[in-house]
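A structural walkthrough
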There are 2 protein chains.
Amino acid sequence: MRKRSDKESAYQEQVAALNGTLGQMCELAGNAMDRATQALLQANLPVAEEVITDHDQMIELSAKAEKRAFALLAQQAPMPADLRATVTGFQIVANVDRMGALALHVAKVARRRHPNKALPEEVDGYFAEMGRLAVKLAHAAREVLESQDPQHALQLEEDDDAMDDLHRHLFSVLMDREWKHGVAAAVDVTLLGRYYERFADHAVLIGRRVVFQTTGMTPQQLIDTT
Amino acid sequence: MRKRSDKESAYQEQVAALNGTLGQMCELAGNAMDRATQALLQANLPVAEEVITDHDQMIELSAKAEKRAFALLAQQAPMPADLRATVTGFQIVANVDRMGALALHVAKVARRRHPNKALPEEVDGYFAEMGRLAVKLAHAAREVLESQDPQHALQLEEDDDAMDDLHRHLFSVLMDREWKHGVAAAVDVTLLGRYYERFADHAVLIGRRVVFQTTGMTPQQLIDTT
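These numbers were taken from a predicted model, which means no experiment stands behind them.

1. Some thoughts on helix α5 (residues 150-175) of chain A
- For α5(A), built from 26 residues, the straight-helix expectation of 38 Å at 1.5 Å per residue is met to within 8% by its first-to-last C-alpha distance of 39 Å.
- Put simply, A:Asp149 is the residue that caps the front of α5(A), since its side-chain oxygen is 2.9 Å from the backbone nitrogen of A:Gln151.

2. A closer look at the environment of B:Thr190
All names here are of chain B.
- Tracing the sequence through the fold places Thr 190 in helix α6 (residues 182-215).
- In this structure, the C-alpha to C-alpha distance between Thr 190 and Glu 121, residues 69 residues apart in sequence, is 15 Å.
- In this structure the side chain of Thr 190 is engaged in a polar contact, spanning 2.7 Å, whose partner is the backbone oxygen of Ala 186.

3. Remarks on the interface of chain A and chain B
- With 31 residues of chain A at the contact, the number on the chain B side is 31 residues.
- Both faces considered, chain A and chain B share a buried interface measuring about 2,500 Å² in area, 72% of it formed by carbon and sulfur atoms.
- Counting the surface chain A buries against chain B, the share from its top three residues, A:Met175, A:Val183 and A:Arg194, is 21%.
- Linking chain A to chain B there are zero salt bridges.
- Going through the elements one at a time, α2 (45-74), α3 (80-113), α5 and α6 (182-215) of chain A are the ones with two or more residues in the side of chain A that touches chain B.
- Across the side of chain A that touches chain B, the residue classes tally to 19 nonpolar, five polar and seven charged.

4. What about the nonpolar core?
- Within the largest apolar cluster, 152 residues are counted, with the highest numbers of intra-cluster contacts made by A:Phe127 and B:Phe127.
- Residue contacts for A:Phe127: discarding those within four places in its chain leaves A:Thr37, A:Leu40, A:Leu41, A:Leu119, A:Leu170, A:Val189, A:Leu192, A:Gly193 and A:Tyr196.

5. Side note on the relation of the copies chain A and chain B
- Note on the copies: chain A fits chain B at an RMSD of 0.0 Å, the axial shift is 0.0 Å, and the rotation between them is 180 degrees. Here the symmetry operator amounts to a two-fold rotation axis.
- Comparing contact sets, 100% of the residues at the interface of chain A also lie at the interface in chain B, consistent with an isologous, same-surface contact.

6. Notes on the packing of aromatic side chains
- Following the criterion strictly, the structure yields six aromatic pairs over all chains and no others.
- Measuring from ring centre to ring centre gives 4.8 Å for A:Phe70 and A:Phe90, while their planes differ by 75 degrees; the resulting arrangement is edge-to-face. In this pair, A:Phe70 is assigned in helix α2 and A:Phe90 in helix α3, connecting sequence segments 20 residues apart.
- Members of the aromatic cluster, connected to one another through ring pairs, are A:Phe70, A:Phe90 and B:Phe212.
- The ring of A:Phe212 is capped by A:Arg84, whose NZ or CZ atom sits 5.7 Å from the centre of that ring.

7. Remarks on the confidence of the model for chain A
- Put simply, chain A has an average pLDDT of 91, and 96% of its residues get 70 or more.
- Mean pLDDT per element in chain A: helix α7 (residues 219-225) of chain A is the minimum at 72, and helix α4 (residues 124-147) of chain A is the maximum at 97.

8. So, the pattern of salt bridges
Residue and element names in this part refer to chain A.
- The final tally for this structure, using the stated rule, is 28 salt bridges over all chains.
- For Glu 50, the salt bridge goes to Arg 35, with nearest N and O atoms at 2.7 Å. You can see Glu 50 sitting in helix α2 and its partner Arg 35 sitting in helix α1 (residues 6-42), a full 15 residues away along the chain.
- A relative accessible area of 38% means that Glu 50 is categorised as partly exposed.
- For Arg 35, a relative accessible area of 14% translates into the label buried.
- If you follow the salt bridges from partner to partner, you end up with Glu 27, Arg 142 and Glu 146 in one network.

Each value, and the rule that gives it
- Residues numbered from 1 in each chain as written.
- Chains lettered and ligands numbered in written order.
- Predicted model: local features only at pLDDT ≥ 70, side-chain atom pairs only at ≥ 80, totals over all residues.
- Heavy atoms only, no water.
- Helix = DSSP H or I, 4+ residues; strand = E, 2+ residues; numbered from the N terminus.
- Expected span 1.5 Å × (residues − 1).
- Polar contact = N/O pair within 3.5 Å; in protein donor to acceptor, adjacent residues only side chain to side chain.
- Contact = heavy atoms within 4.5 Å.
- Buried area = accessible area lost by both parts, 1.4 Å probe.
- Salt bridge = Lys/Arg side-chain N within 4 Å of Asp/Glu carboxyl O.
- Nonpolar A, V, L, I, M, F, W, Y, C, P; charged D, E, K, R; others polar.
- Core = buried A, V, L, I, M, F, W, Y, C linked by side-chain atoms within 4.5 Å.
- Buried < 20%, exposed > 50% of the residue type's maximum accessible area, 1.4 Å probe, protein only.
- Least-squares fit on C-alpha atoms with pLDDT ≥ 70 in both.
- Phe/Tyr/Trp six-rings, centres within 6.5 Å; stacked < 30°, edge-to-face > 60°.
- Lys NZ or Arg CZ within 6 Å of the ring centre and 35° of its normal.
- pLDDT = per-residue confidence, 0-100.

As C-alpha cells, this is what we get:
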C-alpha cells in the first residue's frame, strides 16, 4: 500500500475528530438514557427535568458533527474510504440524534406521570435491565467509533439480541390475562418498551456503519469473509 | 450567477436522477402504507402478505439510491449545493427506508391477528384517516423531491400537524375509562398509532431535507426570510 501524503494524513485526523464527536454524542445519549431510566424507576422528577434540559447539549454536538462532516466533504476526499467515512458520519449523526430523542421521551413519560410512577412494580426489573443494556450499547457504540474495529462492531448485535428478548418477554407480561394495572399503564409500558428497543437498534446501526466505513462491506459480508 | 459548465450540468442530471429514485421510494412507501391500512381495517390477509412480499422492492430501490449517491460523491462535486444534494440523498434514503419498514410493521400486525381484526371498530375511523394522511404525505414527499420547491416542502408540516392531532385523540380514546377492548387490543392500537405517526415524521423530515438541499437553510430560517 502506498504511503499516505500529508494532505491525506490531515484528512484522516479530521475524520478521527469527527468520529470523536460522534463518540461523545453516544456517551451523552447513553448517559441520558441512564438517568431517564432512574427517573422512570424512582419517579424522580428533578432527574427527569435534568435529562430534558441537557438535551440541548446533544443538539449542539449534533450541529458540530454535521459541520465537521460538511467541512470534510468540501475538501474532496482523496480515497474511497474517506468518502465512506464522511457519509457514514452524517448517517451516524442521525442515529445518535434519535438515541438522544428516545432518552428524552423516556424522561418525559417519567415527568408526565409524576408524582406517580409510570411503571407498575411488576415490570421494574425489565426496565432496569433494558436501561442497563441501552447504556452498555451506547458505550459500546462510542468505543467502536474510537477503535474503528469492525469485529468489535459486530458484538453490538449480541446485546441487541438480549434487548429484543427482554422486549418480547415484556409483551408477554402485558398480554397476559393476569395484567392488573389497567390500560393506561399498559399503553405507557408499550411505548416505553419500544423506546428502549429502538435506542438499541440505533446503536447497532452505528456499529454496522462503522463496519461499512472501515471495510466497505456490510456486516454479513464481513462475517462471511472472516 | 455564472453559467454552469457541461460537467456541472451532467452532475445536475445525476442529482435529478437520484431524487427521482428517492421519489419512487416515497411512492412505494405510500402505496405500502395504503395497502397495509386496508389489510388492517379489513383483516385482509392476502393484502397484508402482498405488502410484506413487496418490501423487497423497497430494499432494492434503496440500494440503487445509495449507489447513485456514492457515484455522485466520487465525482467530487463542483459546488456546495451539489454536495448538499448528495448528502441529503443519503439521509433521505434512511428516512424512506424507515417509512417502508413502518408500513411493513402495520402489515405484520394485520397478519398476526388474522382472522381477527387487530383494531376494535371504535378506532377504525382514526386509522382510516391516519392512513389517508400517511399516503398523502408520502405522495407530497415525492412531489417535493421532484419539484425541489422549498415552499411546497413546508406544507408537509401541516399534514403532519393533522396526524399529530389524530394521534393525540387516539390516545385519549385509549386512556378513557370506557375502553372495553382489553389490554391486548390497547397494546396493538398504541404501537400502530406510533407507526403512523413516525411515518409522517419521516415524510416531514424529507421535506426539511429538500429545503436544506435547495436553499442551504433550515425550514425555520426559510420561514424567517420569506
